[in-house]
Amino acid sequence: MIVPGRAHLGHILRYVGRPLVWLLAWDIAVTAFWYFVGAHWVEFPALPLTLLGSAVAVYLSFRNTTAYARWWEARTLWGAMVNASRTLAREALTLLPDRGLAKDVIHRQIAYVHALRLHLRRQQPWDELAHRLPTADLSALRTVANVPNAIHARTAGLIADSGPDPILLATIARTLSDISNAQGGMERIKNTPLPQQYATYPAIFTHGFCLLLPLGLVETLGLYTPLGSTVAGFLFLALLQIGNDIQNPFENLEDDVPLTTLTQAIEIDLRDALGENHGLEPCKPVNGILW
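Residues numbered from 1 in each chain as written. Predicted model: local features only at pLDDT ≥ 70, side-chain atom pairs only at ≥ 80, totals over all residues. Heavy atoms only, no water.

Student: Help me understand the overall build of the protein, please; the structure alone is not making it clear to me.
Tutor: Counting secondary structure elements, the protein contains 11 helices and zero strands. Sequence-ordered secondary structure for the protein, helices as α and strands as β, is α-α-α-α-α-α-α-α-α-α-α. In summary, the protein has a C-alpha radius of gyration of 26 Å against a globular reference of 19 Å for 291 residues, an excess of more than 25%. For the C-alpha atoms alone, the extent of the protein along its principal axes is close to 90 × 35 × 30 Å. Of all intrachain contacts in the protein linking residues separated by at least 6 positions in sequence, the fraction that spans at least 24 positions is 76%. For the protein, the exposed area adds up to about 15500 Å²; of that, 63% sits on carbon and sulfur atoms. With 22 positive and 24 negative side-chain charges, the protein shows a spacing of 3 Å between the two charge centroids. (Helix = DSSP H or I, 4+ residues; strand = E, 2+ residues; numbered from the N terminus. Rg over C-alpha atoms; globule rule 2.2 N^0.38 Å. Contact = heavy atoms within 4.5 Å. Areas by Shrake-Rupley, 256 points an atom, 1.4 Å probe, with all protein chains shown as cover. Lys, Arg positive; Asp, Glu negative; His and termini not counted. Charge placed at Lys NZ, Arg CZ, Asp CG, Glu CD.)

Student: Is there a simple way to explain the packing of helix α7 (residues 147-161) against helix α8 (residues 166-191) in this structure?
Tutor: The angle between the axes and the distance between the axes are what describe a pair of packed helices. The N-to-C vectors of α7 and α8 enclose an angle of 175°; their axes lie 11 Å apart at closest approach. Relative to α8, α7 is oriented roughly antiparallel. Listed contacts from α8 to Pro-148, Asn-149, His-152, Ala-156, Ile-159 and Ala-160 of α7 are Leu-169, Ile-172, Leu-176, Ile-179, Ser-180 and Gln-183. The class makeup of the residues in the contact of α7 with α8 is eight nonpolar, four polar and no charged. (Axes fitted to C-alpha atoms, helices over the stretch in contact; angles between N-to-C directions. Parallel < 35°, antiparallel > 145°, perpendicular 65-115°, else oblique. Nonpolar A, V, L, I, M, F, W, Y, C, P; charged D, E, K, R; others polar.)

Student: What is the right way to look at the pattern of salt bridges in this model?
Tutor: A side chain of one charge can pair with a side chain of the opposite charge when the charged atoms of the two come close. This structure, assessed with the given rule, holds nine salt bridges. The residue Arg-86 makes a salt bridge to Asp-269 at a minimum N-O spacing of 2.9 Å. In this pair, Arg-86 is assigned in helix α3 (residues 46-95) and Asp-269 in helix α11 (residues 259-274), connecting sequence segments 183 residues apart. Note on Arg-86: relative accessible area 40%, which makes it partly exposed. (Salt bridge = Lys/Arg side-chain N within 4 Å of Asp/Glu carboxyl O. Buried < 20%, exposed > 50% of the residue type's maximum accessible area, 1.4 Å probe, protein only.)

Student: Looking at this structure, I do not really get the packing of helix α9 (residues 196-221) against helix α10 (residues 225-246). What am I missing?
Tutor: The geometry of α9 relative to α10 is characterised by a closest axis approach of 9 Å and an angle of 165° between their N-to-C directions. Compared by their axis directions, α9 and α10 come out roughly antiparallel. Classified by chirality, the crossing of α10 by α9 is right-handed. Residue-level contacts link Pro-202, Ala-203, Thr-206, His-207, Phe-209, Cys-210, Leu-213, Pro-214, Leu-217, Val-218 and Leu-221 of α9 to Thr-225, Gly-228, Ser-229, Ala-232, Gly-233, Phe-236, Leu-237 and Leu-240 of α10. Within the contact of α9 with α10, the residues separate by chemical class into 13 nonpolar, six polar and no charged. (Left-handed = near helix turned anticlockwise from the far one by under 90°.)

Student: I would appreciate a short explanation of a nonpolar patch on the surface in the present structure.
Tutor: There is a patch of nonpolar side chains on the surface, built from Phe-33, Tyr-35, Phe-36, Val-37, Leu-221, Leu-223, Tyr-224, Leu-227 and Val-231 and spanning about 1000 Å² of accessible area. Where the nonpolar patch is concerned, the elements lending two or more residues are α2 (17-37) and α10. Checked against the element boundaries, Leu-221 lands in helix α9. (Patch = residues over 30% accessible without salt bridge, like charges linked within 9 Å, V, L, I, M, F, W, Y side chains within 5 Å.)

Student: Help me out: how do you make sense of the nonpolar core in this one?
Tutor: Within soluble globular proteins, side chains that are nonpolar tend to cluster in buried spots. Counting residues in hydrophobic clusters, the biggest one holds 47 residues, and the most contacted among them are Trp-78, Met-81, Leu-129, Met-186 and Phe-250. Put simply, the parts of the chain that give this core at least two residues each are α3, α4 (99-120), α5 (126-129), α6 (135-141), α7, α8 and α11. Among all residues touching Trp-78, those that are not within four sequence positions of it are Val-113, Leu-116, Arg-117, Leu-120, Met-186, Phe-250, Val-257, Leu-259, Leu-262, Thr-263 and Ile-266. (Core = buried A, V, L, I, M, F, W, Y, C linked by side-chain atoms within 4.5 Å.)

Student: Explain the environment of Asp-256 here, please?
Tutor: Note that Asp-256 resides in the loop between α10 and α11. Judged by its relative accessible area of 2%, Asp-256 falls in the buried class. For the pair Asp-256 and Val-113, spaced 143 residues apart in sequence, the C-alpha to C-alpha distance is 17 Å. One polar contact links the side chain of Asp-256 to the main-chain amide nitrogen of Glu-251, over a distance of 2.6 Å. At 2.5 Å, the side chain of Asp-256 and the backbone nitrogen of Asn-252 are in polar contact. (Polar contact = N/O pair within 3.5 Å; in protein donor to acceptor, adjacent residues only side chain to side chain.)

Student: Looking at this model, I keep getting lost on the confidence of the model for the protein. Mind explaining?
Tutor: Do not read the predicted coordinates in detail wherever pLDDT is low. With 91% of its residues at a pLDDT of at least 70, the protein reaches an overall mean of 84. Here helix α1 (residues 9-15) stands out as the least confident element of the protein, with mean pLDDT 60; α4 is the most confident, with 93. (pLDDT = per-residue confidence, 0-100.)

Laid out in structure tokens, this is it:
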């Protein structure tokens, strides 16, 4: 996730730099052809171009709204995971009579959130889990498809096997259910991308409009066509790129939900609850990005 701050011209230009360079070259070519050759057949009626631009803007806005809704839901679900992890730690320490079991539950929850982060990013979790779970658990986890779900199920089994009071068990079970529901929502977002039409058609419409733009402006702007067309095209290309960047929030890219930061925060909170001297610190932005 890119942290809020002042916009830098270099970053803005790099954001859509390559298509913008091609657009500028096309704008210059159209202007030069019109100006030096006098080929007025490249003129394009203004009214259809205006209608097309309005339609493309509405389409991109709708697509970006949908993409941001996915990103925001992903962040909300991880916020719920943070709260549920804290609640589970508090309930384990206050409701479970066995202090050793409570500590084990909290450590397993730390392993769970790290495994979930890697599961959503389609990365292998074994290096992360090697020092967090017993060897026997790791061997069993290598045979399952959904590692975080298996860790969570085993944690629930350990709590149930300890024979707590049914009322206390029901209280903890609700928290465990909240954790499962949050993971299910994250997996739904991960495994159900936006329809292909949302990826294909915006790119076709936007690039097509940018190609037609200098044809409609060259008669009015003349030699200033590359400037006007490139600036207007930049707005559409930026909207297109924004939607592409945020529509899949678990791809381990700079615009994603900062899973590493969130899981580190959960681990710090849970180890603090245990009173451990862990020496961990919250993640800090790297070149303006939280991972």
